[in-house]
Amino acid sequence: MDPESGLDAVRNVGINGGKIRAISDGALKGKQTIEAKGLVVAPGFIDLHQHGQDAENYAVKAADGVTTALELEVGVADVDRWYAEREGKALINFGASAGHIPVRMAVMHDPGVLLPSGDAAHRVATPAEMEEIDALLEKALQRGALAVGLGPAYTEAATNQEILDVFRVAAKYHASCHVHIRTPLTQVAGNFSGFEEVMAAAAITGAPLHVVHIQSTGGPNVTQELQMISDAQSRGMDVTTEAYPYTMGMTSIQSALFDHREDEPANYFASLLWPATGEHLTRESFLRYRQQGGMVILPGNTPENVHAAIVSPLTMIASDGYLAKGQGHPRTAGTYALVLGRYVREEKTLDLMTALKKMTLMPAQRLEKRAPMFKDKGRIRVGADADITVFDPERVIDKATYEKPLQYSQGIQFVLVNGVPVVKDGQIVEGTFPGRGARAPVSQ
Ligand SMILES: [Zn+2]
């Protein structure tokens, strides 16, 4: 199945040198043969939003059909070092954006891990600091960062001016801005100022905009914001979005999202889940863990709003995954198989080709203007990279749960990365590292 050409037929696929060399209804001969009878052969899934970027995370991604996992929301500060650390050691392809959050943390000496907990969250930058932030982002783009990542929800003291200036830098390099938008403590239907901040910045600067996980930050406004994206597209703006199929979210308890929450009622704290122990929080444990630090699972949105986001033709599927020593959110390991198993097979609310398009072609197209290597990903086409996922449409389903987030998906039978099997007969292949850095051209 190829979402670009619409091909949905029985074919033989020939692979050599990491590329697709033949697609034929006649027989093909090769050194190795994979019997895919009764299975779907699709382009490998491209995850635009995957924070965990190590061997543990790459294995669960591969088991869920992902061949390219990209850290585009938070992003990184030192692009060269980040790619060098992974080259030759990765099961699947990897890549990152120039991250406003980590750059702001470096410039303002924030002590946080992954997300800011000190000055980078809470202090307005001086003009000199803003200049330094923009210069570091520009350098990261010159070194081939795929996009620009921003999270004004986490850098809440960053002014509209600072965000606008970051969009200006992105526009200069035709880099899309992948943004976790600001959301108020209590979201009101019909109020969407965090969303409008970035729509305005994109319109003013011309930078492409990608609103991340709209099913959570959209709150009660998911369908309105999807409509606004559709309207903006019809007026020629380059705006896209993504969603993951879970009603709960996960983030750092020391982040700015939990500022000013001390006086919430008891049921607010009880709605928070501490995955390290499986306990629901109280005011006392919330304050204690906020001192200690760590990841917390929190209510994201209603099932109706999540459903609306996943079935919308506008959204790409992206996981927002992160596991550390087996702990984290089930979206890391289960996002793609859940959409294929539940939405496509069980509920029939998405047809299979549309679901695959949201996982393959659309994310490739999001990046291919800045990083032309993505023109050869997300497609089953002669000349395309042999990143291929082969799954059983009758059996595919997620297995990861909030209690056991590390459980691999079922029914993903074969996964090839640059022509090399990383999943065979539903099992991860150990000791193979065909993943390559996905990067924009280095301009300096
Ligand atoms: Zn986010």
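To be clear, the structure that these remarks concern was listed above.
Residues take numbers from 1 onward in each chain, read along the sequence in its written order. Predicted model: local features are reported for residues with pLDDT of at least 70 only, side-chain atom pairs are reported and counted for 80 or more only, and whole-chain, interface and lining totals are derived from all residues. Each side-chain value is worked out from all heavy atoms of the structure, with water and hydrogens disregarded.

**Overview of the sheet that holds strand 5 (residues 66-76)**
At least two bridges found by DSSP between two strands are what make those strands a pair. Strands here are runs of E lasting at least two residues and helices are runs of H or I lasting at least four, both read from the DSSP assignment and numbered beginning at the N terminus. The sheet built from eight strands is open, its strands ordered 4-5-6-7-8-9-10-15 with parallel pairing. The open sheet is flanked by strand 4 (45-47) and strand 15 (315-317), the only strands paired with a single partner. Each neighbouring strand pair of the sheet contributes to a mean axis angle of 30 degrees, computed without reference to strand direction. Bridge count between strand 8 (residues 177-179) and strand 9 (residues 209-211): three bridges; the pairing is parallel. Of the residues in strand 9, the one forming a bridge with H178 is H210. Along the sheet, helix 7 (residues 193-205) contacts strand 8, strand 9 and strand 10 (239-243); its crossing angle with strand 9, the most-contacted strand, is approximately 165 degrees. Note on contacts: a residue pair qualifies if any of its non-hydrogen atoms lie within 4.5 Å across the two residues. Only the stretch in contact is used when a helix axis is fitted, and all axes are lines through C-alpha atoms; the angle between N-to-C directions ranges over 0 to 180 degrees. In this fold helix 14 (residues 352-359) packs onto strand 4 and strand 15, with an angle of close to 80 degrees to the strand it touches most, strand 15.

**Quick word on the packing of aromatic side chains**
Only rings of Phe, Tyr and Trp enter the pairing, Trp through its six-membered ring, and a pair is recorded when the two centres are within 6.5 Å. The plane angle decides the type: under 30 degrees is stacked, over 60 is edge-to-face, the rest tilted. Counted according to the given criterion, the structure contains 10 aromatic pairs. Aromatic pair F45 and Y336: ring centres 5.4 Å apart, planes at 20 degrees, arrangement stacked. Separated by 291 residues along the polypeptide, F45 in strand 4 and Y336 in helix 13 (residues 331-346) bring together distant segments of the chain. For the pair F45 and Y336, one class covers both residues: buried. Put simply, a charge is over a ring when the Lys NZ or the Arg CZ is close to the ring centre, within 6 Å, and near the line of the ring normal, within 35 degrees. Its guanidinium or amino end placed over the ring of Y289, R288 lies 5.1 Å from that ring's centre, counting from NZ or CZ. Relative accessibility thresholds used throughout: buried, under 20% of the residue-type maximum; exposed, over 50%; partly exposed, between the two (1.4 Å probe, protein chains only).

**Focus on the sheet that holds strand 3 (residues 40-43)**
Read from one edge to the other, the open sheet built from five strands follows the order 3-18-19-20-21, with strand pairing classed as antiparallel. Of all the strands in the sheet, just strand 3 and strand 21 (427-428) have a single pairing partner and so form its edges. Pairing analysis gives four bridges linking strand 3 to strand 18 (residues 388-391), with the strands arranged antiparallel. Bridge pairing in strand 18 links V41 to V390.

**So, the environment of A170**
If you trace the backbone, A170 turns up in helix 6 (residues 160-172). Residues A170 and V148 lie 22 residues apart in sequence; the distance between their C-alpha atoms is 6.4 Å. Look past the residues within four positions of A170 in its chain and what remains in contact with it is L141, V148, A175, C177 and A207.

**Here we look at the coordination of the zinc ion**
In this analysis a donor is any N, O or S atom within 2.8 Å of a metal ion (3.2 Å for sodium, potassium and calcium), and since water is not included, sites may seem incomplete. Around the zinc ion, the protein contributes the donor atoms E73 (OE), H180 (ND1) and H213 (NE2), at 1.9 to 2.3 Å from the metal centre. One chain supplies every donor for the zinc ion, spaced along it as E-x106-H-x32-H. Of the two residues, H180 is situated in the loop between strand 8 and helix 7 and H213 in the loop between strand 9 and helix 8 (214-217); the sequence distance between them amounts to 33 residues.

**Examining the environment of Y58**
Checked against the element boundaries, Y58 lands in helix 1 (residues 55-63). Of the polar contacts made by the side chain of Y58, one reaches the side chain of Q53; its length is 2.5 Å. N or O atoms within 3.5 Å of each other form a polar contact, as long as, within protein, one can give a hydrogen and the other can take it, and as long as residues adjacent in sequence are counted only when both atoms are side-chain atoms.

**Notes on helix 6**
One fewer than the residue count of a helix, multiplied by 1.5 Å, yields its expected span. Over its 13 residues, helix 6 extends 19 Å from the first C-alpha to the last, a length consistent with the 18 Å expected when each residue adds 1.5 Å. Residues of helix 6 that are buried include every one of E162, I163, L164, D165, V166, F167, V169, A170 and A171, and no others. On its buried side, helix 6 packs onto helix 3 (100-107), helix 5 (127-142), strand 7 (148-150), strand 8, helix 7 and strand 9. Positive phi appears at H174, one or two residues downstream of helix 6, with a value of about 50 degrees.

Geometric values such as these leave the question of function open.
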